[in-house]
Amino acid sequence: MTFNLDIYETMALVSLVFYMGKYMRTKFSILSKYCIPPSVVGGFIFALLILLLNQTNIAAINLDTTLQNIFMTAFFTSIGFTASIKILKQGGIKVITFLSLAVLLVILQNTVGVTLASLFSLSPLMGLCTASIPMVGGHGTAGSFGPILEDMGITGATTVSVASATFGLIMGSIIGGLVARNLILRYKLHTVHDENDLTPPEEVGDYNEENHNILSFKRLMTGACFLFIAMGLGSLVSKLIQASGLTFPSYIGAMLVAALIRNIYDFRKEPIVEKEIETLGGLSLSFFLTMALMGLKLWQLFDLALPLFIMLIAQVILVGLFAYIITYRVMGKNYEAAVFASAICGFGMGATPNAIANMDELTNRYGFVPTPYFVVPIVGCLFIDFVNSAIITIFINFIR
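**Student:** Please set out a nonpolar patch on the surface residue by residue, giving values where relevant.
**Tutor:** The grouping of Leu306, Phe309, Ile310, Ile313, Ile317, Leu321 and Ile325 at the surface amounts to a nonpolar patch, some 640 Å² of accessible area in total. Residue leucine 321 is classed as partly exposed on the basis of its relative accessible area of 47%.

Structure follows, in structure tokens:
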């Protein structure tokens, strides 16, 4: 049997799958512990169902994914609106230093991924599917670059990228505490034990998925208009860029236009509806990720099981050594640097919430230090997705 769903039926199913993911997170605390989004949980369960139906030849379900690219572009456009040069300067040298470390990690991850893929006689582009696309980029970047690589002939790129992103979320949370605690014990670092300092101040922010409720129609409408204007102008920019013959993700133009608009507003010292744009971007990401996960062809992983496992373990070792040797030394060789090392493990193999969770676990035991809680969200939420997409694009055009 074949079920062909139209766009309305598809979105109804996507919504149900998303809330199934939220329900499963309430039943299995390990999913929340490792910051695995409801979109990923629900979408992956649906993908497993499709795998079962496919392998038994019982039925096929075809979704109308017309809105998937729109949601993807809307999300990355919202990321473009966070690329504020003014905030980067205000963050000081620590922000610039941590961002530089993140850029170096992205380059190393892609180099390792491409090299190992070549050793396994796979396309170097497949190596990117286990590198910074899923690791630093997470599920959002995995779901966006996967189809691009598939269009270039890399079968299973989306499935590998998303599976790698899930693996990264879990391993990033596991190794963060191990690396930091080992640094503290080995170097006998002086830590903070004052119980009054254990809780981060309010301005650090709440990274729970339900931390903001935006109810103003006027501000939401303004934010939506900003997004669509940037997406429209960005489409023209993307066409000009693609005319050069280079391969760029379709949303790159929208990100550039959004960043330009944001910095013009900063220069004129006018506020922009940042939280509303962030909220709309988060909504778009949830729908996009759910649809991307629902469309996974998990049977494509069978032949790649061993090479994929080895390439992912190599990324774990890389991030662990990078945090232990480089991050710790560059960020100051003290307790604060150990907290940064724990953060970059989550940051480099999952997402900013993972980095925050790693820091929380460490500082709840050894004492709170404020600087990492200021620096990591700025780099993770405002800059790294923008920079990572650019570096990935350079690698794609260099090795294809």
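**Student:** Could you give me a rundown of the nonpolar core, with the residues and numbers involved?
**Tutor:** By size, the foremost hydrophobic cluster in this structure holds 101 residues, and its most contacted members are Phe98, Leu149, Ile344, Phe347 and Val376. With 12 residues, helix H16 (residues 370-399) is the single largest residue contributor to this core. Apart from the residues within four sequence positions on either side, valine 376 is in contact with Phe98, Phe340, Ala343, Phe347, Thr352, Ala355, Met359 and Cys381. Counting residues in each nonpolar core, the second largest holds 12 residues, with Phe81, Ala230, Val257 and Ile261 among its members.

**Student:** Can you break down helix H10 (residues 217-242) residue by residue, with the values?
**Tutor:** The terminal C-alpha atoms of H10, which comprises 26 residues, lie 36 Å apart, in line with the 38 Å expected from a rise of 1.5 Å per residue. Taken together, the buried positions of H10 are occupied by Gly223, Ala224, Phe226, Leu227, Ala230, Met231, Gly234, Ser238 and Ile241. Residues of H10 that are buried make contact with helix H4 (66-80), helix H11 (252-267) and helix H12 (274-294).

**Student:** How would you summarise the pattern of salt bridges if you had to cite specific residues and measurements?
**Tutor:** Tallied over the entire structure, the rule returns seven salt bridges. One salt bridge connects arginine 219 with glutamate 276, and the closest N-O pair in it is separated by 2.7 Å. Of this pair, arginine 219 sits in helix H10 while glutamate 276 sits in helix H12, and the two are 57 residues apart along the sequence. On the basis of relative accessibility, which here comes to 4%, the residue glutamate 276 falls in the buried class. Two residues, lysine 275 and glutamate 278, come together in a salt bridge whose shortest N-O distance is 3.4 Å. Of this pair, lysine 275 and glutamate 278 both sit in helix H12, separated by three residues, roughly a single helical turn. Look at lysine 275 and you get partly exposed, because its relative accessible area is 38%. In this structure glutamate 278 comes out as partly exposed when scored by relative accessible area, which is 41%. Each of Arg262, Asp266 and Glu274 takes part in a single network of salt bridges with overlapping partners.

**Student:** Can you break down the environment of isoleucine 174 residue by residue, with the values?
**Tutor:** With respect to the helices and strands, the residue isoleucine 174 is situated in helix H9 (residues 157-186). Relative accessible area serves as the criterion here: at 33%, isoleucine 174 is assigned to the partly exposed category. Separated by 111 residues in the primary sequence, isoleucine 174 and leucine 63 place their C-alpha atoms 35 Å from one another.

**Student:** Tell me about the packing of H4 against H10, and name the residues and values.
**Tutor:** When two helices pack together, their arrangement is captured by the angle between the axes and the distance separating the axes. Two elements in contact, H4 and H10, have axes whose closest approach is 10 Å; the angle formed by their N-to-C orientations is 105 degrees. Relative to H10, H4 is oriented roughly perpendicular. Residues Ile70, Thr73, Ala74, Thr77 and Ser78 of H4 pack against Leu227, Ala230 and Met231 of H10. Considered class by class, the residues forming the contact of H4 with H10 number five nonpolar, three polar and no charged.

**Student:** Tell me about the side chain of threonine 290, and name the residues and values.
**Tutor:** On the secondary structure map, threonine 290 appears in helix H12. A polar atom in the side chain of threonine 290 sits 2.7 Å from the backbone oxygen of serine 286.

Calculation notes
Residues numbered from 1 in each chain as written. Predicted model: local features only at pLDDT ≥ 70, side-chain atom pairs only at ≥ 80, totals over all residues. Heavy atoms only, no water. Patch = residues over 30% accessible without salt bridge, like charges linked within 9 Å, V, L, I, M, F, W, Y side chains within 5 Å. Areas by Shrake-Rupley, 256 points an atom, 1.4 Å probe, with all protein chains shown as cover. Salt bridge = Lys/Arg side-chain N within 4 Å of Asp/Glu carboxyl O. Buried < 20%, exposed > 50% of the residue type's maximum accessible area, 1.4 Å probe, protein only. Core = buried A, V, L, I, M, F, W, Y, C linked by side-chain atoms within 4.5 Å. Helix = DSSP H or I, 4+ residues; strand = E, 2+ residues; numbered from the N terminus. Contact = heavy atoms within 4.5 Å. Expected span 1.5 Å × (residues − 1). Axes fitted to C-alpha atoms, helices over the stretch in contact; angles between N-to-C directions. Parallel < 35°, antiparallel > 145°, perpendicular 65-115°, else oblique. Nonpolar A, V, L, I, M, F, W, Y, C, P; charged D, E, K, R; others polar. Polar contact = N/O pair within 3.5 Å; in protein donor to acceptor, adjacent residues only side chain to side chain.

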